[in-house]
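# A look at the structure
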Amino acid sequence: QVSLVESGGGLVQPGGSLRLSCAASTSIFSINVMGWYRQAPGKQRELVATITIGGRTMYADSVKGRFTISRDNAKNTVYLQMNSLKPEDTAVYYCKAQQTLALISWGQGTQVTVSS
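Structure report, in brief. Because the structure is a prediction, the values reported are computed rather than measured.

Rules used throughout
- Residues numbered from 1 in each chain as written.
- Predicted model: local features only at pLDDT ≥ 70, side-chain atom pairs only at ≥ 80, totals over all residues.
- Heavy atoms only, no water.
- Pairing = 2+ DSSP bridges.
- Helix = DSSP H or I, 4+ residues; strand = E, 2+ residues; numbered from the N terminus.

The sheet contact formed by strand E4 (residues 33–39) and strand E5 (residues 46–52) spans six bridges and is antiparallel. Note that in E5 the partner of Arg38 across the bridge is Glu46. Adjacent in sequence and paired antiparallel, E4 and E5 are bridged by six residues, among which Gly42 carries a positive phi angle near 75 degrees. Bridge analysis of E5 against strand E6 (residues 57–59) gives three bridges, and the strand direction is antiparallel. Its bridge partner lying in E6, Thr50 is registered against Met58. As consecutive antiparallel partners, E5 and E6 are separated by four residues, and within that stretch Gly55 has a phi angle of approximately 95 degrees, a positive value.

Written as C-alpha cells, this is what we have:
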C-alpha cells in the first residue's frame, strides 16, 4: 500500500478558494487511479473527483466547473483546486489511491469548512 498525506484544508468564506494536496509515498505513475472523496457530518462518503494514470479526469455533478483535480508527477502529489466554494462543500476531504482492484489506500482526511 501507499501512504497518503492530505493538507490544505481550513476555514474559508463562501465564494472563496482552497487547494488541497495529497502527497504519496511512492511514484504516482504506479497508481492507476487517484481521487478525492468527502464526507459531511451524518452523511456517507461521496466521490468528488478522480484522475487516472493517463490523466483522464471525472467529477461529481455537484462540483463540475468549480473544482479541478490535477497531478504533479515530479512531486508525487495530487491536488484538488476548489473555487467558488459553497457551504454545502463543508466536509472532511479524503485522498484515495487505487493501485489494483484489491490494493486501495486512504489518507487521514483534511477538514474543509465553508462559512461566513
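To continue, consider unusual backbone geometry. Positive phi outside glycine occurs at Asn76, with the angle close to 55 degrees. Inspection of the secondary structure assignment puts Asn76 in the loop between strand E7 (67–72) and strand E8 (77–82). Of note in the backbone geometry, Ser84 takes a positive phi value of approximately 50 degrees without being a glycine.

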